[in-house]
Amino acid sequence: MLLARRLCTSCLRAKCTTSSIANSSNGNRFALLQQINNSIILSRAIPVVHHRAISTSRDTVEINGTSYKTDSWFNIPPNVIDKIPRRLHLQKDHPIYITRQIIESVFPPPTYNYHNEFNPVVTTHQNFDSLGFPKDHPGRAKGDTYYINGDTLLRTHTSAHQADVFRANLSEGYLISADVYRRDEIDKSHYPIFHQVEGARSWDRAKVANGDATAAILSDLEKLPDHPIEVQDPNPPFHDERNPRQEAHHSPAEVEAISAHLKRSLELMVVEIFTRAKAAAVRADPNYVGEPLQVRWVEAYFPFTSPSWELEVYYDGDWLEVLGCGVVKQDLYINAGVPNQLGWAFGVGLERIAMLLFQIPDIRLFWSQDERWYNQFKGMSDNLDSLKPFVPFSKYPACAKDISFWLPSSFVESGDTKANKYKWCENDFMEILRSVAGDVVEDAKLLDQFTHPKTGRKSMAYRINYRSLERTLSNKEANYLHEKVRESLVEKLGVEIR
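Scope of this entry: the structure provided in the associated data block.

What to know about the sheet that holds strand S6 (residues 121-123)
Working step 1: With antiparallel pairing, the 3 strands of this open sheet are ordered in space as S6-S8-S7. Looking along the sheet, the strands with just one partner apiece sit at the ends: S6 and strand S7 (147-149). Across the sheet, the axes of successive neighbouring strands diverge by a mean angle of 30 degrees, strand direction being ignored.
Working step 2: In this sheet, strand S8 (residues 152-154) lies alongside S6 in antiparallel orientation, the contact comprising 3 bridges. In the strand pairing of S8, Thr-123 is matched with Thr-152.

Next comes the structure, spelled out in structure tokens:
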């Protein structure tokens, strides 16, 4: 969940496609909505016939059968491009698929429509501008986002499709599940590709009885079941300074009703997830007791909701953030052509939930194609009552290697949203590690940094842990990979190895 562009002929075609939804029947709207992403990026795509699933050249990149023009912004490595067709959230019996199933079960049709197959290639307008991200938001930097060109990228969140779904107006609520992409650090809980579910629920003032949205929302709230868990929610529904309501658009009563419906809905989702997690743990160990489920609401900030909250769960002795949510910024509805609507939205990461649900210790495992991995989950999506924790099939030792280097004197330690001004960023270092060693890199941690008092040059030192999840990695193999990393750092970043 959250570049002014030249209005070219292709953009106009995309605009016509999206605006025509309002005048279409529901039967045609879904087909039109599925076309939005493809038509909105026509100016970047080259219509050609392909025989390979993925390919790259100097000036183009092919993703899911479509070629896109690249420019100086292009920064997607082959190891990421190769995984785009995998779409783990659509692979039956995969833990990500099963987790999506559980979440969808809490938000049933016809109130909620499911959208699971949107194109991962989106425009900067879809990903940032439509959600109100400032032009200087750090998420726009090449250090954080995978760009195809200056106007086109791999979505960084499912919210990139929010405005389009609001515009289509197919149902009162929706869920979007999708693979999303971000340049990030390397450790057991971060990966450049992960999966999210985004959900929203809206009410239309022009359609509810007497135009009373508050009464309609409270009526729907009464239809939701209760739950037995302890909830800590010490803050008011909104706060003028810390967590403001949108005074020009929402009355205090409307915000209170929306927040109550939102929180009850998401609490029910958490109850469903963790009840199944506890049942799975008991099946694996009949003596398992566990802790009573506790959740708390924490005030937060997101560019596309206000007021906003994060939901945290007390797990394994600590509070763990599970999701972010809030009252949808009214400008999103207005810009989508449905100004009479108001409501809530949330976003949750599927990997984090699946790791808790199945007790999966390392995010790299989700991408394993080892039969010992897949066989553990066979049949679970057809019988959710058969869920059980993941049983590790390897405990192979890690090979730790240190590396230190001087940064070129011309580098600066910051990201920039302008392609040719972007300089040093730690994510560049992480990207090279992944490109060279792939999923054999378990983590990489900064050990030390030092600035020379006379020359001003900066030195960085990292410890890299190499470990295969499927076999023992020899020290010789680790040395070979480490040397390739050193060579690549010199070649691509211009560092001087110490």
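Concerning helix H7 (residues 213-223)
Working step 1: All of the buried residues in H7 are Ala-213, Thr-214, Ala-216, Ile-217, Asp-220 and Leu-221. An end-on view of H7 places all buried positions within 165 degrees of arc, on one side of the element. In H7, the exposed residues that point more than 90 degrees away from the buried face are Glu-222 and Lys-223.
Working step 2: In this structure, the buried side of H7 is in contact with strand S10 (193-204), helix H8 (252-284) and strand S15 (341-349).
Working step 3: Capping the start of H7, Asp-212 holds a side-chain oxygen 3.3 Å from the backbone nitrogen of Thr-214, two or three residues further along.

Let's talk about the nonpolar core
Working step 1: Counting 74 residues, the largest nonpolar core has Leu-266, Phe-346 and Phe-366 as the members making the most contacts within it.
Working step 2: A total of 11 residues in this core trace back to one element, the largest contributor, which is H8.
Working step 3: In this structure Phe-366 touches Arg-86, Leu-88, His-94, Pro-95, Ile-96, Glu-351, Ala-354, Met-355, Ile-360 and Trp-373, once residues within four positions along its chain are discounted.
Working step 4: By size, the runner-up hydrophobic cluster in this structure holds 24 residues, among which are Trp-424, Phe-429, Val-441 and Met-460.

A look at empty space enclosed by the protein
Working step 1: Quantified by volume, the largest cavity comes out at close to 50 Å³.
Working step 2: Lining of the largest cavity is provided by Ile-186, Asp-187, His-190, Tyr-191, Arg-364, Arg-434, Gly-438, Asp-439, Val-441 and Glu-442.
Working step 3: Residues of the lining of the largest cavity, tallied by class, amount to 3 nonpolar, 2 polar and 5 charged.

Definitions and limits used
Numbering of residues starts from 1 in every chain and runs along the sequence as written. At least 70 in pLDDT is required for a residue's local features to be given in this predicted model, at least 80 for side-chain atom pairs to be given and counted, and no such filter applies to totals for whole chains, interfaces and linings, which use all residues. Excluded from the side-chain calculations are hydrogens and water; all other atoms, namely the structure's heavy atoms, are used. Whether two strands pair depends on DSSP finding at least two bridges between them. Runs of E in the DSSP output that reach at least two residues are strands. Runs of H or I that reach at least four are helices, and both are numbered from the N terminus. The convention used is that axes are lines fitted to C-alpha atoms, helices contributing only their stretch in contact, and that angles between N-to-C directions extend from 0 to 180 degrees. Categorising residues by exposure relies on relative accessible area from a 1.4 Å probe, with only protein chains included: less than 20% of the type maximum marks a residue as buried, more than 50% marks it as exposed, and the intermediate range marks it as partly exposed. Working definition: the arc comes from the directions between the helix axis and the C-beta atoms, pointing outward to the latter. Contacts are assigned to residue pairs with any non-hydrogen atoms lying within 4.5 Å of each other. Pairing of N or O atoms within 3.5 Å defines a polar contact, subject to two protein rules: one partner must be a possible hydrogen donor and the other a possible acceptor, and residues neighboring in sequence count only if both atoms are side-chain atoms. Think of a nonpolar core as a cluster: buried Ala, Val, Leu, Ile, Met, Phe, Trp, Tyr and Cys residues, connected wherever their side-chain atoms sit within 4.5 Å. Whether a set of points on the 1 Å grid over the protein atoms alone is a cavity depends on a 1.4 Å probe fitting there but being unable to get out, while an open set qualifies as a pocket with protein on both sides within 12 Å along at least five of seven lines; lining residues are those with an atom within 4 Å of a point. Grid points are joined across faces, edges and corners, and a volume is the space filled by probe spheres set on the points. Three categories are distinguished: nonpolar for Ala, Val, Leu, Ile, Met, Phe, Trp, Tyr, Cys and Pro, charged for Asp, Glu, Lys and Arg, and polar for the others, with Gly belonging to the last.

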